[in-house]
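Overview (structure and organization)
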Amino acid sequence: MESIIKVKNLSKTYGDGGVLTRAVSNVDFVVEKGEFVAIMGPSGSGKSTLMQMLGFLDRPTSGEYLFEGRDMQSFDDDELAKIRNEKIGFVFQAFNLLPRTSVYENVELPLLYDSHPEKREENGKKVLGALKSVLMEHRVNYLSSQLSGGEKQRVAIARALVNNPEVIFADEPTGNLDSKSGTQVMKILQQLNNQGHTIILVTHETFTAEHAKRILQMKDGQIVSDEPVVSRRIARDGELLK
């Protein structure tokens, strides 16, 4: 398989009044194209800081981060913003939808960074295709404020998909949802992964993490385990490998 993300000795240190806090410490791992990886850990374990670096929302203090074989430390802020828009899709716990704006306009938003009048029809097809993939095309003209929590998250996933990104980052995507809506959202992410999308999920919930195919467990800024989901379930349930 082809690696899309490779990090080596990746670290992030914050300074506050002379006191240094290492949020992520010398992390090493590789994500292959088409994987579904969950980064799991309790609050304060460093998982969100790691996702922010992987998604180009923050820069590491030290270490190496290769995305599609390119060293991201060498890119300036404008180049990183372009890569974020074209290569990365984000799904957040709080949905981050514009409340008095239609579902269509929310999903279209990433396309407007490269807006040309002649692309309007093409953009429309992309928006409707993304909404169809999350079973929300029937809500296209609704305001986002008229949607349920589960519907808002599905629209957020459609927005993350609309540019056909290389990687979708989902940060606690079920955190504001009831169990039924959360399961539905995770099944959609699984379907997208089965279609070839690389997905990196950040969560503190075991049930949510086990929708992925591989789990990186974090504690105190370090990765303490890296296991396929099946192996974790076998170990947890006390079953024997055949």
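Data block above holds the structure.
A brief structural summary.

About the thresholds
- Residues numbered from 1 in each chain as written.
- Predicted model: local features only at pLDDT ≥ 70, side-chain atom pairs only at ≥ 80, totals over all residues.
- Heavy atoms only, no water.
- Salt bridge = Lys/Arg side-chain N within 4 Å of Asp/Glu carboxyl O.
- Helix = DSSP H or I, 4+ residues; strand = E, 2+ residues; numbered from the N terminus.
- Buried < 20%, exposed > 50% of the residue type's maximum accessible area, 1.4 Å probe, protein only.
- Pairing = 2+ DSSP bridges.
- Axes fitted to C-alpha atoms, helices over the stretch in contact; angles between N-to-C directions.

Quick notes on the pattern of salt bridges
Tallied over the full model, the rule gives 10 salt bridges. Residue Lys12 is joined to Asp58 by a salt bridge in which the shortest nitrogen-to-oxygen separation is 3.2 Å. In this pair, Lys12 sits in strand β1 (residues 3–16) while Asp58 sits in the loop between α1 (47–54) and β4 (62–67), placing the two residues 46 residues apart along the sequence. Residue Lys12 is classed as buried on the basis of its relative accessible area of 10%. Between Lys87 and Glu68 there is a salt bridge, with the nearest N and O atoms lying 3.3 Å from each other.

Some points on the sheet that holds strand β6 (residues 88–92)
One open sheet accounts for six strands, arranged β6-β7-β8-β3-β9-β10; its pairing is mixed. At either end of the open sheet lies a strand with only one pairing partner, and these are β6 and β10 (222–228). On average, adjacent strands in this sheet sit at an angle of 15 degrees to one another, irrespective of strand direction. Examined bridge by bridge, β6 and strand β7 (residues 167–171) share five bridges and lie parallel to one another.

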